[in-house]
Amino acid sequence: MAPKRKDVEEPEPSRAAGGCVLLVLIAGAVAGVFAASTAAGVLGLWFVGTVALWRTVRRRVSDMPATPPPLPPEGADNVPAGGNERIERVEYDPSGVRCTIHVVRAEVNEP
């Protein structure tokens, strides 16, 4: 057996493959319960649906969709990062999330 090379990364196992295996196992269990008793299968599906709905409703909301930080005051360093361009004007959209920077255009007359 050849030794493993340290400069080659091994691929990570797929999470989707594990999910598919779980799905097949759960589908087999549900099919078994339905084969034994239709009423037990229906009751089991209602129970699983109720638990899934309860978990979805009780899940805490993350802070990711938080409001954006306040806009800087007008005229405060209207220079894009790393740029030496002169700024003609900066327009902010009404929600304050996006801005458009209008640069002073310099025409170059080259052949």
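Now for a description of the structure that goes with this document.

Conventions used here
Here the residue numbering is sequential within each chain, running from 1 through the sequence in written order. Selection of residues for local features in this predicted model requires a pLDDT of at least 70, selection of side-chain atom pairs for listing and counting requires 80 or more, and totals for whole chains, interfaces and linings are taken over all residues. Side-chain figures throughout are based on the complete set of non-hydrogen atoms in the structure, without hydrogens or water. In DSSP terms, a helix is any run of H or I states spanning at least four residues, a strand is any run of E spanning at least two, and both are numbered starting from the N terminus. Three labels apply to residues, based on accessible area from a 1.4 Å probe with only protein chains included: buried if under 20% of the type maximum, exposed if over 50%, partly exposed otherwise in between. The contact criterion used is simple: two residues touch if any of their non-hydrogen atoms lie within 4.5 Å. Calculation of accessible area relied on Shrake-Rupley with a 1.4 Å probe; when residues are assessed, cover is drawn exclusively from the protein chains displayed. A residue counts toward a patch only above 30% relative accessible area and without a salt bridge, and it is joined to like-charged neighbours within 9 Å or, for Val, Leu, Ile, Met, Phe, Trp and Tyr, to nonpolar neighbours within 5 Å. Each reported salt bridge corresponds to a side-chain nitrogen of Lys or Arg within 4 Å of a carboxyl oxygen of Asp or Glu. Between the N-to-C directions of two axes lies an angle of 0 to 180 degrees, each axis being a line fitted to C-alpha atoms and, for a helix, fitted only over the stretch in contact. Orientation labels follow simple angle bins: below 35 degrees gives roughly parallel, above 145 gives roughly antiparallel, 65 to 115 gives roughly perpendicular, and whatever is left gives oblique. When residue character is reported, Ala, Val, Leu, Ile, Met, Phe, Trp, Tyr, Cys and Pro are called nonpolar, Asp, Glu, Lys and Arg charged, and the others, Gly included, polar. Every helix has an expected span of 1.5 Å times one less than the residues it contains. Paired strands, as defined in this entry, are two strands with at least two bridges between them according to DSSP.

It is worth spelling out the overall build of the protein chain at this point. The helix and strand inventory of the protein chain stands at 2 helices and 2 strands. Residues classed as buried in the protein chain amount to 5% of the 111 residues present. For the protein chain, contacts bridging at least 24 residues in sequence account for 5% of all contacts bridging at least 6. If you sum the accessible surface of the protein chain, you get close to 10900 Å²; carbon and sulfur atoms cover 62% of it.

Moving on, we get to a nonpolar patch on the surface. Taken together, V21, L22, L25 and I26 make up a surface patch of nonpolar side chains, about 400 Å² in accessible area. Relative accessible area serves as the criterion here: at 51%, L22 is assigned to the exposed category.

Moving on to the packing of helix α1 (residues 15–36) against helix α2 (residues 38–58). In helix packing, the relevant descriptors are the interaxial angle and the interaxial distance, both defined with respect to the helix axes. Two numbers describe how α1 lies on α2: the axes approach to 5 Å, and their chain directions differ by 140°. By the angle between their directions, the pair α1 and α2 is classed as oblique. Across the interface between the two elements, V30, V33, F34 and A36 from α1 touch T38, A40, G41, V42 and L45 from α2. Split into classes, the residues belonging to the contact of α1 with α2 amount to 7 nonpolar, 2 polar and no charged.

Now for α2. Counted at 1.5 Å a residue, the expected span for α2 with its 21 residues is 30 Å, and the 30 Å between its end C-alpha atoms agrees. Where burial is concerned, little of α2 is hidden: 1 out of the 21 residues are buried.

The topology assignment puts P70 in the loop between α2 and β1 (87–92). Residues P70 and V97, 27 residues apart in the sequence, show an inter-C-alpha distance of 9.2 Å.

Regular strands show a simple pattern: their side chains alternate between the two faces of the sheet. Looking at chain direction, β1 and strand β2 (residues 99–103) are connected through 5 bridges and run antiparallel. Bridged to R89 within β2 is H102. Connecting β1 to the next strand, β2, in antiparallel fashion are 6 residues, including G96 with a positive phi near 80°.

Nothing here speaks to function; it is all geometry.
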